[in-house]
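Per-entry structural report
So you can see what is in the structure, the chains are spelled out below.
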Protein chains: 4
Amino acid sequence: MYSFLNDYSEGAHDRIIDALVRTNHEVTVGYGMDEYSDMAKKRIIDEIGVDADVHFLLGGTQANLCVISYLLKPYEAVIACDTGHINVHEAGSIEATGHKVLPVNNKDGKLTVNDIREVMSLHHNEHMVKPKMVYISNSTEIGSVYTKDELEEIYRYTKENDLYFFIDGARLANAIMAEGSNLTLHDVAVNSDVFYIGGTKNGLLFGEAVIFKDKKLSDSFRYTMKQRGAILAKGRILGVQFNELFKDGLYYEMAKHANSLAMKIQDTLIELNVPLVVKSTTNQIFPVFSHEIIEKMKEKYLFEEWSTIDDKHTAIRFVTSWDTKEEVVDYLINDLKELFK
Amino acid sequence: MYSFLNDYSEGAHDRIIDALVRTNHEVTVGYGMDEYSDMAKKRIIDEIGVDADVHFLLGGTQANLCVISYLLKPYEAVIACDTGHINVHEAGSIEATGHKVLPVNNKDGKLTVNDIREVMSLHHNEHMVKPKMVYISNSTEIGSVYTKDELEEIYRYTKENDLYFFIDGARLANAIMAEGSNLTLHDVAVNSDVFYIGGTKNGLLFGEAVIFKDKKLSDSFRYTMKQRGAILAKGRILGVQFNELFKDGLYYEMAKHANSLAMKIQDTLIELNVPLVVKSTTNQIFPVFSHEIIEKMKEKYLFEEWSTIDDKHTAIRFVTSWDTKEEVVDYLINDLKELFK
Amino acid sequence: MYSFLNDYSEGAHDRIIDALVRTNHEVTVGYGMDEYSDMAKKRIIDEIGVDADVHFLLGGTQANLCVISYLLKPYEAVIACDTGHINVHEAGSIEATGHKVLPVNNKDGKLTVNDIREVMSLHHNEHMVKPKMVYISNSTEIGSVYTKDELEEIYRYTKENDLYFFIDGARLANAIMAEGSNLTLHDVAVNSDVFYIGGTKNGLLFGEAVIFKDKKLSDSFRYTMKQRGAILAKGRILGVQFNELFKDGLYYEMAKHANSLAMKIQDTLIELNVPLVVKSTTNQIFPVFSHEIIEKMKEKYLFEEWSTIDDKHTAIRFVTSWDTKEEVVDYLINDLKELFK
Amino acid sequence: MYSFLNDYSEGAHDRIIDALVRTNHEVTVGYGMDEYSDMAKKRIIDEIGVDADVHFLLGGTQANLCVISYLLKPYEAVIACDTGHINVHEAGSIEATGHKVLPVNNKDGKLTVNDIREVMSLHHNEHMVKPKMVYISNSTEIGSVYTKDELEEIYRYTKENDLYFFIDGARLANAIMAEGSNLTLHDVAVNSDVFYIGGTKNGLLFGEAVIFKDKKLSDSFRYTMKQRGAILAKGRILGVQFNELFKDGLYYEMAKHANSLAMKIQDTLIELNVPLVVKSTTNQIFPVFSHEIIEKMKEKYLFEEWSTIDDKHTAIRFVTSWDTKEEVVDYLINDLKELFK
């Protein structure tokens, strides 16, 4: 079986594993106060070009719930796409910390300033929650990408309206390396209050680097991290990984690899006139297949059935990763050509 | 500098690291539903001799807050030693999930049935919280150990009084391998409702195996795990580690190593008539030193200053680990003999 | 100024006030354990014809948050109309207790079994919350009413799918006394797991009677009440009021008065061809007025502007109460006839 | 039976009831935005001599949980006496909002600057909660009183250490009118960040006036009130009551009445050499009686058994109220004289 199930099916890039092996018996202090964590933070600060406050957490749900519950007061709420990870796929983690997620209908997995404005206009007194944060994912849950312009526009609106802007970057590398993207980590840092650089889905064993642009804002964030079980005793494991990730462009290289293989698949699908839920520029592809085709595909491939289209068709998802082999993609392409011939 | 700072200063045992390297490029499903996690669970079930429900979490604070918030209703509380990790050193993580910790004065870091009975007698109507769980750590936060008899006695009382009994096993291996201990993992499983086997402080990169004896009780535990950010995307990293940990007695061997080196240090201290806060049988030793001695020790050794005794004396903590070198312990012993000569 | 602002603009019905005055200097035990509270509970049990567990709380938001947080486990969620009071107008009170509200698009302020079924089909594993309760208001936030048949159908579905069915009865009397309604309190009790009888909006100073049909389900509810500040020290104030409310049909009489005056207004509006957001059968009426008309109306009347229809029109809300004077309604009717002539 | 059970056994002072009757059919806006609430706030501001922000809540537990959860960040904790109402008798209401109560051993129901200092010294990094508030009750849960000097000293310390100082004034009138007290409402306002004036235990049907000295600090407090179910729809009921309470010294007169009758009882007990748990200066008296005496007393009087002293003795509590009749106190005194003769 060949897997296009997700981008966290394998372990870590060899360079990441090697770095862990190399440093394994060194003695360091715990809880992320070690020199490797410090080095990794410096590399990230250099990379984003902003002197920010960096913290290493273990996963996306944890990063989201820590950031949001840290920044919001009990009666404040976060605006997100209805398809947003925090709204659907984190088991109510934000509500469990006491906060409402205010969902807006998405267009291609994205929200706009108009969506935010409408939510704001409906919340104007203490009988309702107070919207205080905008949350987006880039790339989104369905593989689409916010451009630099779109981020600037949202950020500008949030600053004019006393809102925090938080970018879930679980797949940020894929957004940056997307076909036609002119986005940089610097742009993301400049146009948000807090964001994170996902490692789990881009070649680390696990780990997300949460970055607050305003250090005063985050000066007690480690309290929230501890309280939510998000400080790793052997914190240097995160430091070592992120330190390696930002050497010699490994961070970009892995996402580029994943994206380009996905584009190869998508180009084939387009050529074959297979309908797509959304035209992706990143490592997630969403073709609509008949149930007959899906059954045949299942004999050789692992993939997720994403959403029902009609009685006879379902959208599926192909995901490529930093570790997907080009030859496996080529098998898939040949089989697709055969099936849709 | 030689470190006796804690038992999570190094990475992981070479066998653990090797297992991760060996399996690194394999493709598995995510979220701990993979075959390595299954294999590890089977090994643990075999080892404890009880057909229990096993879940792998990332750290101790996370394990504690997930178990406690999963089992308790909003108005229920957990009884713990005032020195208990959940009461002091987890930044209010239990309260953050809505539950009161009812502290009892400790004796050598431990609580007794009498302590529990007294708390019960003071909580008898809806103006107060309802005590519903007893939490202990074994070995305790100050290195002492509950014997099999003590666990049986507490467990019996909790069953007679409709309480859950939860054992924090962050350093459980050290309790089992303690000098003179006749405790087994089976005893712990039989005499508790839920406990965990700590990996972080016994040679894993990270990871705690939470074990519910009654599978019906835990049938929705993965919801709580997800909601609290405690399901690792690449869950197999935990599976691979715990699978290796319970091969060929590695789990016991590492704790035995740590304990025996600690005993060597403690024996020397006793010989030198250095007062101890508590006579330990595990890998944490608590001598009382003058500030003069402490300053000299600091030139060569890392250790924690534990608690102020008086104007001129402080209790310090020496911790040994699965990776502590015997020669380093011998240096320390020589220096101690020199200092107290 | 004449007020059609809401049904809690006045104090309490004279009989309620008289009962409070009459019993004022009696000495009773506190916290709702007094004989008046007992008498009131017996009257309510007699009225609903089910031997249920009755608790008196102070207001609707409090009743909602106590019931929902008492019944749900941390990862469980409540399904409600997007217009539902708990989803919009309680400042995130449910989320503040840790639970997600799963909103469904409303039709005339109501939800259907199909809506519930769709939510259920989308929530099937631990990456999402677990829907465990259906919440409706009857009469609804926009004055519409669930019939006996509709309640039966929803209740049946919830029982088949292991869901709680909770009816917010802040305006339950208005639903029961609605034009053409065949609903009784007995029907409501039989076709729900928990509901409440609103007093605040039907002639009491304040107070809601929360009724659990299954006494085992509610045996610790007073713990939640205490914890949420919902046990009144002088609980007898609630007992005295509800005891009077259920003497000689006062409960029904007051709602009938409010409803019939509202119908008189609505009939006039229909006669005058004024568009309505929804055709109401209870004490809330929602005509659509031009901004010009609204400005003129404001000179003499208090009412709420409910929602924007277009650039030139807004839906407004007229509410009548147990204490609305028929002559004031007649003034309004005359003025409406004049304005729309 | 004569009751010395508590100070909330009766309804409200006749002047309070009369004010409610008088205003009963007036139409006002809801949620405490009415003119009676405004008038009451102005009276209170005049009385305390500080231009503060005043909010009316329904009861003590509600006031405590709203204030504390409003002011504290998730990782912040409140220091209180171990006997403090929030620590023992509110069913874990503070923890239910996510915050730890840090208890200190009490001396006569009170805490000192030294107690606070010790807690502060033990909490110095993110592994522990961050103490951010000091909570006291005045008069305390056992009838003792903080003097003006004591309040000043605590307040000064809290300001030097960036802590909030919150005074639970459920029985504040009794503290102010205590024998030998020189405390005023002005002193309380000046020497705290937030406090409340209890109405429930001093002649109102219910109600506590929460007062924030710094209006900026409290500018979103109504969001918390709404979210916690603490905004009464007919808010004017609180306004009308507090407005009357602060006319012509009624507030002081009622507490003076209760205190002086309690003193009469305590003087008799002292004269009879009956041991006291604490020498009270307010309306709660704590004599230690033999079980034999208690049984005899129970034939005619209602009172609470407070705490076990030894096998044969128990401390009981006599409470007098604004409505306690002097003749009933005289009966009690005669009976006591007879019993201890």
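To be clear, the structure that these remarks concern was listed above.
Residues numbered from 1 in each chain as written. Chains lettered and ligands numbered in written order. Predicted model: local features only at pLDDT ≥ 70, side-chain atom pairs only at ≥ 80, totals over all residues. Heavy atoms only, no water.

Let us now look at the packing of aromatic side chains. All names here are of chain A. Evaluation of the coordinates by the stated rule reveals 78 aromatic pairs over all chains. Ring centres of Phe56 and Phe242 lie 4.9 Å apart, and the angle between their planes is 15 degrees; this geometry places the pair in the stacked category. Of this pair, Phe56 sits in strand E2 (residues 53–57) while Phe242 sits in helix H11 (residues 236–245), placing them 186 residues apart in sequence. Residue Phe56 is classed as buried on the basis of its relative accessible area, which comes to 9%. (Phe/Tyr/Trp six-rings, centres within 6.5 Å; stacked < 30°, edge-to-face > 60°. Helix = DSSP H or I, 4+ residues; strand = E, 2+ residues; numbered from the N terminus. Buried < 20%, exposed > 50% of the residue type's maximum accessible area, 1.4 Å probe, protein only.)

Contact with chain D, which involves 16 residues of that partner, is made by 16 residues of chain B. Interface area lost by chain D to chain B is led by D:Ala91, D:Glu95 and D:Lys100, which between them contribute 39%. Joining chain D to chain B, the criterion identifies two salt bridges. Here B:Glu95 makes a salt bridge to D:Lys100, at a shortest N to O gap of 2.6 Å. (Contact = heavy atoms within 4.5 Å. Buried area = accessible area lost by both parts, 1.4 Å probe. Salt bridge = Lys/Arg side-chain N within 4 Å of Asp/Glu carboxyl O.)

Attention now moves to the packing of helix H1 (residues 14–23) of chain B against helix H11 (residues 236–245) of chain B. All names here are of chain B. Their axes nearest at 9 Å, the elements H1 and H11 cross at an angle of 135 degrees. Of the possible angle classes, the one that applies to H1 and H11 is oblique. For the pair H1 and H11, the crossing hand works out as right-handed. Mapping the contact onto sequence places Arg15, Ile16, Ala19, Leu20, Arg22 and Thr23 in H1 and Arg236, Ile237, Val240, Gln241, Glu244 and Leu245 in H11. Each residue belonging to the contact of H1 with H11 can be placed in one class, and the counts come to six nonpolar, two polar and four charged. (Axes fitted to C-alpha atoms, helices over the stretch in contact; angles between N-to-C directions. Parallel < 35°, antiparallel > 145°, perpendicular 65-115°, else oblique. Left-handed = near helix turned anticlockwise from the far one by under 90°. Nonpolar A, V, L, I, M, F, W, Y, C, P; charged D, E, K, R; others polar.)

All names here are of chain B. Of all ten residues making up H11, ten are buried, and the element is well covered by its neighbours. Among all positions of H11, only Arg236, Ile237, Leu238, Gly239, Val240, Gln241, Phe242, Asn243, Glu244 and Leu245 are buried. Summarising the contacts, the buried residues of H11 are in contact with H1, helix H2 (35–48), strand E2 (53–57), strand E7 (194–198), strand E8 (208–212) and helix H12 (250–271).

Attention now goes to the relation of the copies chain D and chain B. Superposition record for chain D on chain B: RMSD 0.0 Å, screw rotation 180 degrees, translation along axis 0.0 Å. The superposition of one copy onto the other is thereby described by a two-fold rotation axis. A shared binding surface is used by both copies, with 100% of the interface residues of chain D retained as interface residues in chain B. (Least-squares fit on C-alpha atoms with pLDDT ≥ 70 in both.)

So, about the sheet that holds strand E7 (residues 194–198) of chain C. Residues and elements named next belong to chain C. The strand order across the open sheet formed by seven strands is E2-E8-E7-E6-E5-E3-E4, and the pairing between neighbours is mixed. Strands with a single pairing partner mark the edges of an open sheet, and in this sheet they are strand E2 (53–57) and strand E4 (101–104). Shown here is a sheet whose adjacent strand axes are inclined to one another by a mean of 25 degrees, direction ignored. With five bridges joining them, strand E5 (residues 130–137) and strand E6 (residues 164–168) adopt parallel strand pairing. Its bridge partner lying in E6, Ile136 is registered against Ile167. Contacting E5 and E6, helix H7 (residues 148–160) crosses the sheet at an angle of about 145 degrees to E6. Taken strand by strand, helix H11 (residues 236–245) contacts E2, E7 and strand E8 (208–212), and its axis lies near 115 degrees from that of E2. (Pairing = 2+ DSSP bridges.)

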